[in-house]
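Reading the structure
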Amino acid sequence: MIELVEIEKQFQGQVVVKPLSMVIEEGEFLTLLGPSGCGKTTILRMIAGFEQPTSGNVVLAGKVVTENPPNERDLNLVFQHYALFPHMTVEENIAFGLKMKKIPKEQQKQRIAEAVAMTQLTTLTSRYPHQLSGGQQQRVAIARAIVNKPKVLLLDEPLGALDLQLRKNLQTELKHLQRTLGITFVYVTHDQEEAMMMSDRIVILNNGQVEQIGTPKEIYSSPRTLFAATFVGENNVFTSPQGLFAVRPEKLRPQRSEESSMKSGVIQDVLYLGNVHKLMVELDQVGEQPAMTVTIVLDSTDEESWQVGERIGVNWNPKDEVVIQP
Amino acid sequence: MKKKGHPLLGIHSALMMIFIYVPIVLVMVYSFNNTRLSGDWKGFTLDWYVSLMKDRHVMEALMNSLVIAVISTVVATLLGTISALSMRDFARKWKGPLNGVLYMPVIIPDIIMGLSLLVLFSQLQIPLGKSTVMIAHITFSMSYVYVVVNARLAGMGRQLEEAAQDLGATYWQTFRYVTLPQITPGIISGALIAFTLSLDDFMVSFFVAGPSSTTLPIYIYGQVKRGISPEINALCTLLILVSITLILLAQYVLNRGKGQKKHKMLPF
């Protein structure tokens, strides 16, 4: 559906996005994930047409659109702060795209009704944006985009300004909407949990560079770089003569005796989080390596009582070691 | 319980109100006073308004002022708005200096403005008349329009226009349906400022007006030198009413039919 061919972006000589090539499939939910300033929004804006790549091409549905302005690209963007038109009602906002494309009035009505129903805005159509809550404004922004039946919907941190509970509800709603509509979603977020929950594939970005592309499962179970390993979920990174490897906290096992354990250390803290609890263990220094603290996650089946200050052994299955690049 | 400020603050506000409004109220009251000699109240009359209407010189000056104000307001509003719109697309390094240049006339003393324009017109051998006054008025009021519209544009940001483009709007559609409605309040307040400035400008007009283009403030100044007549009081009262009506009208136009937050230019 979308193909990025070696696109690169520089702002005043500074590289913001390093040359990147990738294919986004039709009907896919793809997430660009990374910390702020990693270039994810710039990539999205290049796809939408608000930024010109310094070099490279954007191909949309088989057509090179690099030079086309945003109004000539068959995709829509949901802005981070919604960008609803304050002088128009909800209905006028949603109708805007259809009006610009001179869709016949009858068809406009029908499509607006569909979009309004799908986003549960039926009772709010005659309100103005400032009379709506954040969550409702978010829905209007989405309705305003999907009413155009774009091939691709781009979403720039659409839930960033909402509180946690609302966020969780809207995540489910968005995912459901994407399945129903069957259109391609390109989603930008810095929230790794959100990315894991919603995406078919995740692109992890750091400093304008792709660290890894993969399904949530691949990203979690076999991260390829140090950044990917530590940005998504918690991780324990060890150094070995062969290089770096990571072991997830839930793969580490504590044991009371230090004998025949792979590492040993002292419990610094025990954290109860309801369904799981965590042990923070400071490992004994071995040779010249600096001291490190590992996290062990235990689920509710663990009924031992671990004490702060206790010396324990730490073990894991060598098949759970994931070799990573620095 | 309502929190109360220091009692002196209340007295201060009252004194300020008196200080600002007493002179204006006095002028209004005396315009209805049935005597040529100001000072004592000798009963209510509308005579001064009637004789004002009959005074050919006053009516001529009024017409001059209105024509100059309307034309210079329209031109200054157009030019100021276009400058504000085009300044957004300039590279950042040019923005600072250009902004300064456009802002200049707001802070340049009127006397320098008037003098320099007079020098310019005489260098170019343009005869002084209504057109020179208009050019002068456009020159300074354009900057006020620019400043107001620019602030409005800066507050609006780019996102709304990007959203419009993203939804398929062309450059002109974006301007027509999004940018223009958003900056209209700024344009209207800019125009109002321009109109008021033109209507009551004395200093600059005094330098660049010719014999055929006496404006109201210049005429009033000429009259007052021979003593304040009740007709002048009546004239000032009318001018105050016109200004207030204009502002209320603009406020009404702005708020008509829109469900948005109300724009307020006056505290009432």
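Counting restarts for each chain, with residues numbered from 1 along the sequence as it is written. Working convention: letters from A go to chains and numbers from 1 go to ligands, in the order in which they are written. pLDDT decides what is reported in this predicted model: residues at 70 or higher carry local features, side-chain atom pairs at 80 or more are listed and counted, and totals for whole chains, interfaces and linings draw on all residues regardless. As a convention, hydrogens and water are excluded, and side-chain values are obtained from all of the structure's heavy atoms.

Per an unreviewed UniProt entry, chain B goes by Spermidine/putrescine ABC transporter permease and derives from Paenibacillus glacialis. UniProt positions are given in the numbering used here, feature names are shortened, and annotations may be inferred rather than shown by experiment. In its Sequence similarities (unreviewed entry) section, the UniProt entry covering chain B states "Belongs to the binding-protein-dependent transport system permease family. CysTW subfamily." Regarding chain B, the relevant UniProt record gives this comment under Subcellular location (unreviewed entry): "Cell membrane".

Under the annotation held in an unreviewed UniProt entry, chain A carries the name Spermidine/putrescine ABC transporter ATP-binding protein and is attributed to Paenibacillus glacialis.

1. Some remarks on the domain arrangement of chain A
Segmentation into domains, and thus their bounds, comes from an automatic or database assignment. Each assigned domain of chain A is listed with its residue range as follows: domain 1 (2–221) and domain 2 (236–324). In this structure, domain 1 of chain A and domain 2 of chain A have C-alpha centres spaced 40 Å apart.

2. Observations regarding the UniProt feature "domain: ABC transporter" (unreviewed entry) in chain A
Residues annotated by UniProt as "domain: ABC transporter" (unreviewed entry) correspond here to residues 2–232 of chain A. Secondary structure elements follow DSSP: runs of H or I no shorter than four residues count as helices, runs of E no shorter than two count as strands, and numbering proceeds from the N terminus. Across residues 2–232 of chain A, the secondary structure splits into 36% helix and 26% strand, with the terminal C-alpha atoms separated by 25 Å.

3. Considering the environment of Leu-154 of chain A
All names here are of chain A. With respect to the helices, strands and loops of the structure, Leu-154 is situated in strand 7 (residues 152–156). When a residue's accessible area, from a 1.4 Å probe over protein chains only, is under 20% of the maximum for its type it is buried; when over 50% it is exposed; and in between it is partly exposed. Given a relative accessible area of 0%, Leu-154 falls into the buried group. Between the C-alpha atom of Leu-154 and that of Gly-37, which follows or precedes it by 117 residues, the distance is 18 Å. In what follows, residue pairs with any heavy atoms lying within 4.5 Å of each other are defined as contacts. Every residue in contact with Leu-154, bar those within four places of it in the chain, is listed here: Leu-44, Ile-47, Ala-48, Leu-75, Asn-76, Leu-77, Val-78 and Val-186.

4. Topic: the pattern of salt bridges
Where charged atoms from two side chains of opposite charge come close, those side chains can pair. We define a salt bridge as a contact between a side-chain nitrogen of Lys or Arg and a carboxyl oxygen of Asp or Glu at a distance within 4 Å. A complete count under the given rule lists 18 salt bridges over all chains for this structure. For Lys-40 of chain A, the salt bridge goes to Glu-157 of chain A, with nearest N and O atoms at 3.6 Å. Pair noted here: Lys-40 of chain A is in helix 1 (residues 40–48) and Glu-157 of chain A is in the loop between strand 7 and helix 5 (164–181), with a separation of 117 residues, a long-range link. Both residues of the pair, Lys-40 of chain A and Glu-157 of chain A, belong to the buried class. One connected set of salt bridges, linked through shared partners, spans Lys-9, Arg-45 and Glu-51 of chain A together with Glu-162 of chain B.

5. Focus on the packing of aromatic side chains
Side-chain rings of Phe, Tyr and Trp, where Trp is taken by its six-membered ring, are said to pair if the distance between their centres is within 6.5 Å; with planes under 30 degrees apart they count as stacked, over 60 as edge-to-face, and otherwise as tilted. For the structure shown, the criterion picks out 16 aromatic pairs over all chains. Residues Trp-172 of chain B and Phe-175 of chain B carry aromatic rings whose centres are separated by 6.1 Å and whose planes lie at 90 degrees to one another, so their mutual orientation is edge-to-face. Here the residue Trp-172 of chain B and the residue Phe-175 of chain B both occupy positions in helix 8 (residues 171–200), the gap between them amounting to three residues, near one helical turn. Judged by relative accessible area, which is 61%, Trp-172 of chain B ranks as exposed. In textbook terms, an aromatic cluster arises when at least three aromatic residues are bridged by ring pairs, as seen for Phe-29, Phe-185 and Tyr-187 of chain A.

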